[in-house]
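# Coordinates in review
If you want the building blocks of each chain, they are given just below.
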Amino acid sequence: MSGNDAATATATAQTTDRPAAGAPSPDGPPRGLGVSVPSADAHAKAGGTYPYAADLWAEGLLWAAVLRSPHAHARILSVDTSAAAAMPGVRAVVTHADVPGATTHGRKIADRPVFAHDVVRHHGEPIAAVAADHPDTARLAAAAITVEYELLDAVTDPEQSFAAPPLHPDGNLIRHIPLRYGDPEATGEVVVEGLYRIGRQDPAPIGAEAGLAVPRPDGGVELYTASTDPHTDRDLAAACFGLEPERVKVVVTGVPGATADREDAGFQLPLGLLALRTGCPVKLAATREESFLGHSHRHPTLLRYRHHADAEGRLVKVEAQILMDAGAYADSSAESLAAAVAFACGPYVVPHAFVEGWAVRTNNPPSGHVRGEGALQVCAAYEGQMDKLAAALGLDGAELRLRNVLATGDLLPTGQTVTCPAPVAELLRAVRDFELPSLPKDAPEEEWLLPGGLDGAGEPGAVRRGVGYGVGMVHMLGAEGTDEVSTATVKIHEGRATVICAAVETGQGFATLARQIVQEVLGLDEVQVAPVDTDQPPAGPTTHGRHTWVSGGAVERAAKMVRTQLLQPMAHKLGMSTELLQIQEGRITSYDGAFSTTVAEAVAGKELWATAQCRPHPTEPLDADGQGDAFVGLAFCAVRAVVDVDIELGTVRVVELAVAQDVGRVLNPAQLRARIEAGVTQGVGAALTENLRTASGLVRHPDLTGYALPTALDAPAVRIVKLVEERDVVATFGAKAASAVPVVTAPAAVASAVRAATGRPVNRLPIRPSSAVATANS
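Residues numbered from 1 in each chain as written. Predicted model: local features only at pLDDT ≥ 70, side-chain atom pairs only at ≥ 80, totals over all residues. Heavy atoms only, no water.

## Topic: the sheet that holds strand 1 (residues 62-68)
Under the convention used in this document: Should DSSP find at least two bridges between two strands, the strands are taken to pair. A run of H or I in DSSP becomes a helix once it reaches four residues, and a run of E becomes a strand once it reaches two; helices and strands are each numbered from the N terminus. Fitting a line to C-alpha atoms yields each axis, with helices limited to the stretch in contact; the angle taken between N-to-C directions then spans 0 to 180 degrees.
The 7 strands are arranged 3-7-1-14-11-12-13 in an open sheet whose pairing can be described as mixed. Edge positions in the sheet fall to strand 3 (90-94) and strand 13 (248-252), since each of these pairs with one other strand and no more. The average angle at which neighbouring strand axes cross in this sheet is 20°, direction not considered. Sheet topology note: the strand 1/strand 7 (residues 126-132) ladder contains 6 bridges and is antiparallel. In the strand pairing of strand 7, Val-66 is matched with Ala-129.

This is the structure:
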């Protein structure tokens, strides 16, 4: 975003009740909530001193390598490790027979083997692991392990999974959700149908997936990884190692960004086993190919839709079938399916809805948690349906959507009342009314930015411009009865404050937010956030914007308890309650101005601390009809996409994305804008380029040449035209999740714009060039 764009975004956001973004406080640099406090780790990352897991070292270090299956589905007849074990420098070789505890693992369902031992169920599944004194030796030793396979037919089409022989002892069906809402006999005057396919997006984590395992004197082990959920990883590892949880410690090293779960257990567990076997520290740094093969991806999804509407364009009924490809193991597929089914109708009022959702096992790469899971897939489909309805009725796409949008007090098809702010109409109007970018017709042809790049083969005469819309929604926090809780401690020592909370900083800004909260409550400038490990109380996973709400709430409560401890002696001495003393701009003053001192003076020589928890109100699982209050809160976004399409070559350039978002409250303007821009760009990748392709279950081109991430040259202009700050009264600070909903919405908007430019249905993501070539009469 340019400086002018940033200024526009700040001006159009509703920020009149707080200082301007980045404004310094009277006492120095910006601090507290509502201002652009710099990122807590910015200097370390810019200076190259940030401690990533790939940089870790220990005395006596050994290196690990993992042998992975070259097949998608095969029976293992034998595994011979003798040649590997005999190689000079090899210190240990482990297989399934060397797992002392539980031989399977999983965050929700323990169905995934530590090492495959009877059947291989996906390409890249771990078979064995080696520890050696040099990384090349470890890799050569892993390659020297001989595995005899009997190839089996791979089930790669999720539609075939229902009739296929069981791929797993638990069967092929992970979850089925039938949602029934309203009258099944209801019909509309206008009916449109569509079939949509969403590809396999990889989180493609920045930085190597790596870890270090160090054995402990008590027979336990410490795991140094970029975990996003350290306590769950600890418990999972302890079960597999046959150890008590207190003898396994997970220390979170620097996370180089995460839009999904990082450091899959397939990396962590072999590390710990090798460290326990050898008694030495063991390090593993995965190659990019191993990352593509090992970690979870966005669920490829097949969606069938039928929309009914009346003659004025108001929705009457939505019918849908959603089939999610979970890959070989369950992971978070049940939760992703629940989001997909619940949001299958989008942020629209639908009197009657009938949705069938399935998540099934196949021999494809594993699927799991990726930002916006479930919601992105259905958003692309229901927005495609809204475009079809608009065309059938002769209505403008934005107008049709405005006739149907949700508002606070409406019901979701799950029967849950939308109690949080839902300014969907306001968001849509904001992007619709924002000025369109100018056409390049007045510029010389050589200055045109053509689809396909500066050296593209296209001609200006073949370029068509399209404008399209996407409106999306996501849920915040866990769903369906998940016990959301986080614990935080705030300490004051030697005039400084320290926050201790096991909420992992993954780039979402929690470490910066925690500093801002303590600065706001206690008036201290010097606030640090302690490194995260499992000796601290749990804070839960880094998903669904939960750390802003749950962990931020715990930090705020702990800071307020410390504030009371600090003010009580003063209040007692002055003969007043603590409520009559305020902390502002680094000073403590009484309501009448008769007493005033600096916070620095007040905390001098004192040691204060408090621990607090935050637990939002509970939710409930969806019942047999897909009904229930399954979500704590919702966030919404509207995007208008402008694209240029070469209708002869099928190449697409995203010219501009205008974004309006429901954010609840802006806590750090610069950080929020960065997260929205990043989310939109990830969505553009899902729309145009990102698809981890497979052939018979085998991953093709598992590298960043074959898997095309958007680069800086591909990133469009992002105009944040409105940030609606209507606070959610049940959320901490009233703030909402910020980064997932633009990821969900942007692909649908881009597809809508390509439809407008070409007249083609555009029913799959990423958009293929053949889908963007205009028909003869369009």
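## As for the state of the cysteines
Selection criterion: Cysteine sulfur atoms that come within 2.5 Å of each other are treated as a disulfide pair. For the exposure calls, accessible area comes from a 1.4 Å probe over protein chains only, and a residue counts as buried if that area is under 20% of its type's maximum, exposed if over 50%, partly exposed in between.
Using the criterion set out here, one finds 0 disulfides in the structure. The thiol of Cys-379 is not disulfide-bonded; the next cysteine sulfur, from Cys-637, is found 8.9 Å away. The exposure class assigned to Cys-379 is buried, which follows from its relative accessible area of 0%. With no disulfide partner, Cys-420 has as its closest neighbouring cysteine sulfur the one in Cys-637, 14 Å distant.

## Observations concerning the packing of helix 15 (residues 669-688) against helix 16 (residues 740-758)
Selection criterion: An angle below 35 degrees is read as roughly parallel, one above 145 as roughly antiparallel, one from 65 to 115 as roughly perpendicular, and any other as oblique. Crossing handedness is read from the near helix: turned anticlockwise from the far helix by less than a right angle, it gives a left-handed crossing, and turned clockwise, a right-handed one. In this analysis, two residues are considered to be in contact whenever any of their non-hydrogen atoms come within 4.5 Å of each other.
Helix 16 packs onto helix 15 with a crossing angle of 45° between their chain directions and a minimal axis gap of 7 Å. Compared by their axis directions, helix 15 and helix 16 come out oblique. Crossing of helix 15 over helix 16 shows right-handed handedness. Seen from helix 15, the contacting residues are Ile-676, Gly-679, Val-680, Gln-682, Gly-683, Ala-686, Ala-687 and Leu-688; seen from helix 16, they are Pro-742, Val-743, Ala-746, Pro-747 and Val-750.

## Some remarks on the sheet that holds strand 20 (residues 496-501)
With respect to topology, 4 strands assemble into an open sheet ordered 21-20-19-25, the strand pairing being mixed. Of all strands in the sheet, those with a lone pairing partner are strand 21 (527-529) and strand 25 (608-614), marking the two edges. Along the sheet, successive strands turn relative to each other by an average axial angle of 20°, direction set aside. Relative to strand 20, strand 19 (residues 486-493) runs antiparallel, the two being bridged by 6 bridges. Paired with Val-490 across the bridge in strand 20 is Val-499. Each of strand 19, strand 20 and strand 21 is contacted by helix 12 (residues 510-522), which is oriented at about 145° to strand 21, the strand it contacts most. Against the sheet, helix 13 (residues 546-574) contacts strand 19, strand 20 and strand 25, and its axis sits at roughly 145° relative to strand 25.

## Details of the confidence of the model for the protein chain
The following threshold applies: Note: pLDDT gives the predictor's confidence per residue, expressed from 0 to 100.
Confidence in the prediction for the protein chain averages 90 pLDDT; 94% of positions are at 70 or higher. In this model, residues 1-26 is a region of pLDDT below 50 whose contacts with residues beyond four sequence positions or in other chains number 42 contacts.

## Thoughts on the packing of helix 12 against helix 13
Stated precisely, the cut-off is as follows: The classification used treats Ala, Val, Leu, Ile, Met, Phe, Trp, Tyr, Cys and Pro as nonpolar, Asp, Glu, Lys and Arg as charged, and all other residues, Gly among them, as polar.
Direction vectors running N to C along helix 12 and helix 13 enclose 30°, while the axes themselves pass 9 Å from each other. It follows from the interaxial angle that helix 12 and helix 13 lie roughly parallel. Considering how the two elements wind past one another, helix 12 and helix 13 form a crossing that is right-handed. Facing helix 12, whose interface residues are Phe-510, Leu-513, Ala-514, Ile-517, Val-518, Val-521 and Leu-522, helix 13 presents His-547, Thr-548, Ser-551, Gly-552, Val-555, Glu-556, Ala-559, Lys-560, Val-562 and Arg-563. Here the contact of helix 12 with helix 13 is built from residues that sort into 10 nonpolar, 4 polar and 3 charged.

## Re the packing of aromatic side chains
Rules: Only Phe, Tyr and Trp rings take part, Trp by its six-membered ring, and two of them pair if their centres are within 6.5 Å. Stacked means planes under 30 degrees apart, edge-to-face means over 60, and tilted covers everything else. Charge-over-ring contacts are defined here by two conditions on Lys NZ or Arg CZ: a distance within 6 Å of the ring centre and an angle within 35 degrees of the ring normal.
As enumerated under the stated definition, the model contains 7 aromatic pairs in all. An angle of 85° between the planes, with centres 5.9 Å apart, marks the rings of Phe-162 and Trp-358 as edge-to-face. Residue Phe-162 is located in the loop between strand 8 (146-151) and strand 9 (173-181), and its partner Trp-358 is located in strand 17 (residues 352-360); the two are separated by 196 residues in the primary sequence. Over the ring of Tyr-50 we find Lys-45; its NZ or CZ atom is 4.9 Å from the centre of that ring.

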